[in-house]
Amino acid sequence: MNKTKTICFTNNKGGSGKSTTCSNIGAAMARAGKKVLMIDGDMQLNLSLAFFSEDWVLEQAAGDKNLYHAIREQKDLADYIVHTDYENLDLIPSSTLMSSIEYELFTKWQREFILKKCIQNIKDSGVYDYILIDAPPTLGGWVMNILCASDQVVVPVEASPWGMFGLANMFDFLNEVKQIAPELKVAGIAVTKVDTRKNYFKQTMETLHELEEIYVFDSFIRVDSSVEWAQDNSAPVVEYKKSSRSAKEYTALAEEVMRRVSR
Ligand SMILES: Nc1ncnc2c1ncn2[C@@H]1O[C@H](COP(=O)(O)OP(=O)(O)O)[C@@H](O)[C@H]1O
Ligand SMILES: [Mg+2]
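Remember, it's a predicted structure, so these values are computed and weren't measured experimentally.

Draft legend 1. Representation of the overall build of the chain within the structure. Counting its regular elements, the chain contains 13 helices and seven strands. A compact globule built from 263 residues would reach a C-alpha radius of gyration of about 18 Å, and the chain, at 17 Å, matches this within 12%. Across its three principal directions, the C-alpha atoms of the chain cover 50 × 40 × 35 Å. Scored against the burial criterion, the 263 residues of the chain give a buried share of 46%. Partitioning the contacts of the chain with sequence separation of at least 6, the portion at a separation of at least 24 is 78%.

This is the structure in structure tokens:
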């Protein structure tokens, strides 16, 4: 039986493409026949909105079958899984109450490892090939939980000057987390929202390639309005417009991520 790999998408910078990358890599892996569970770890509910209508997402967020309640009560996350419209692709929805999850974690025993414990049964069952976790744009106790529950991290970085700013903080934080989660690996940086007409893109790539010991994925994602049309229709672009450039780019990136994490 194949071992389930858990991959999280983190960057403390908002708008770097975490949720878009997570949703499309998940959908592309599922299209490739892999069984995938996605966990929406952000109070902004973007990963859930990538697959479900706003009404459904808000209803789910207001109820008690979401990540917030599961973590607060330290429940087995297997009971919180919903199926998406796509074969092999499941989701655990989030809640706006995730804004107070740090407070909830504060008094708990081994508080960095709550999420890890809550997904242990799912991992042990071997049902999924991949668990993908979408992180919020912060670096605190909850993101630490996400990292401690993960085998690998993908860091989406927007190809812009401000996209690069603060990246050093992110890697310092990752090194701190490795002290309590020594098995955690950085799969690499995924460059997103690229405008190849701009010279700045070249500079971004050069700067990133100078980072020692950090892999930069060969497949990068260009700016494409199909991504936004897909999101407006509660669908990942790899399903919504299969012929689009971004669908092909996300599919290539998903293949590269799968190759890289299985080494
Ligand atoms: N390849 C792309 N082309 C066009 N717009 C994109 C692309 N990737 C992301 N976006 C847009 O950029 C914004 C931020 O992306 P998102 O995935 O939500 O980032 P994060 O989760 O890191 O905050 C969203 O409005 C999204 O629609
Ligand atoms: Mg997001």
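From this point on, the discussion continues.
Draft legend 2. Quick peek at unusual backbone geometry. Phi at Q110 is positive, roughly 50°, even though this residue is not glycine. Assignment of secondary structure puts Q110 in the loop between α5 (101–106) and α6 (114–125). Take Q110: there are 10 C-beta atoms within 10 Å of it, and that puts it in the exposed class. The backbone of E213 shows a phi angle near 65°, a positive value even though the residue is not glycine. Relative to the assigned elements, E213 resides in the loop between α10 (200–210) and α11 (225–232).

Draft legend 3. Examining the environment of L174 more closely. Mapped onto the secondary structure, L174 falls in helix α9 (residues 167–180). By C-beta crowding, L174 is classed as partly exposed, having 19 other C-beta atoms within 10 Å. Each residue touching L174, except ones within four places of it in the same chain, is listed here: V153 and V186.

Draft legend 4. Broad picture of the site of ligand 1. Around ligand 1 sit 18 residues, and of these S16, K18, S19, T20 and V227 come closest. Of all the elements in the fold, those that place two or more residues in the shell around ligand 1 are α1 (18–31) and α11. Considering only residue class, the shell around ligand 1 consists of four nonpolar, 10 polar and four charged.

Draft legend 5. Representation of the sheet that holds strand β4 (residues 89–92) within the structure. With mixed pairing, the seven strands of this open sheet are ordered in space as β3-β4-β2-β5-β1-β6-β7. Looking at the sheet topology across the chains shown, the edges are occupied by β3 (82–83) and β7 (185–192).

Draft legend 6. Just the packing of α1 against helix α13 (residues 245–261), in detail. Close contact between α1 and α13 brings their axes to 9 Å; oriented N to C, the two are set at 80°. With respect to α13, the element α1 is oriented roughly perpendicular. Counted together, N24, I25, A28 and M29 of α1 and Y250, T251, L253, A254, V257 and M258 of α13 form the full contact between these two elements. For the contact of α1 with α13, the residue count by class is eight nonpolar, two polar and no charged.

Draft legend 7. Just the pairing of strand β1 (residues 5–9), in detail. Burial within β1 is extensive, with five of its five residues counted as buried. Neither face of β1 is exposed, since K5, I7 and F9 on one face and T6 and C8 on the opposite face are all buried.

Draft legend 8. Seen up close, the environment of F52. Assignment of secondary structure puts F52 in the loop between α2 (46–49) and α3 (54–62). Given 21 C-beta atoms within 10 Å, F52 falls into the buried group. Expressed as a C-alpha distance, the spacing of F52 and P93, which sit 41 residues apart in the sequence, is 9.8 Å. Aside from chain neighbours lying at most four places away, what touches F52 is V57 and S234.

Draft legend 9. How the structure looks around the UniProt feature "domain: AAA" (unreviewed entry) in the chain. Summarizing the sequence annotation, UniProt attributes the feature "domain: AAA" (unreviewed entry) to residues 4–183 in the numbering used throughout. Secondary structure within residues 4–183 divides into 43% helix and 16% strand; the distance between the first and last C-alpha atoms comes to 15 Å.

Draft legend 10. Quick peek at α1. Relative to the 20 Å expected for 14 residues at 1.5 Å per residue, α1 spans 20 Å between its end C-alpha atoms, a close match to the ideal helical length. Most of α1 is tucked away, with 14 of its 14 residues classed as buried. Of the residues flanking the end of α1, it is G33, one or two places downstream, whose phi is positive at about 90°.

Draft legend 11. View of the nonpolar core. Of all hydrophobic cores here, the largest spans 78 residues; its most connected members are I25, V36, I131, L132, I146 and Y250. Contact partners of L132, with chain neighbours within four places excluded, come to I7, C22, I25, G26, V36 and M38.

Draft legend 12. Inspection of α9 at higher detail. The terminal C-alpha atoms of α9 lie 21 Å apart, and with 14 residues this matches the ideal 20 Å at 1.5 Å per residue to within 8%. Those residues of α9 that sit buried are L167, M170 and V177. Across the axial projection of α9, the buried residues extend over an arc of 75°, all falling on one side. Away from its buried face by more than 90 degrees, α9 exposes A168, N169, D172, N175 and Q179. Packing partners of the buried residues in α9 comprise α7 (141–148), β6 (152–158) and α8 (161–164).

Calculation criteria
Residues numbered from 1 in each chain as written. Chains lettered and ligands numbered in written order. Predicted model: local features only at pLDDT ≥ 70, side-chain atom pairs only at ≥ 80, totals over all residues. Helix = DSSP H or I, 4+ residues; strand = E, 2+ residues; numbered from the N terminus. Rg over C-alpha atoms; globule rule 2.2 N^0.38 Å. Buried ≥ 20, exposed ≤ 12 C-beta atoms within 10 Å, placed from the backbone. Contact = placed C-beta atoms within 7 Å. Near = placed C-beta within 6 Å. Nonpolar A, V, L, I, M, F, W, Y, C, P; charged D, E, K, R; others polar. Pairing = 2+ DSSP bridges. Axes fitted to C-alpha atoms, helices over the stretch in contact; angles between N-to-C directions. Parallel < 35°, antiparallel > 145°, perpendicular 65-115°, else oblique. UniProt positions renumbered as here; feature names shortened; annotations may be inferred. Expected span 1.5 Å × (residues − 1). Core = buried A, V, L, I, M, F, W, Y, C linked by C-beta atoms within 7 Å. Arc of directions from axis to C-beta.

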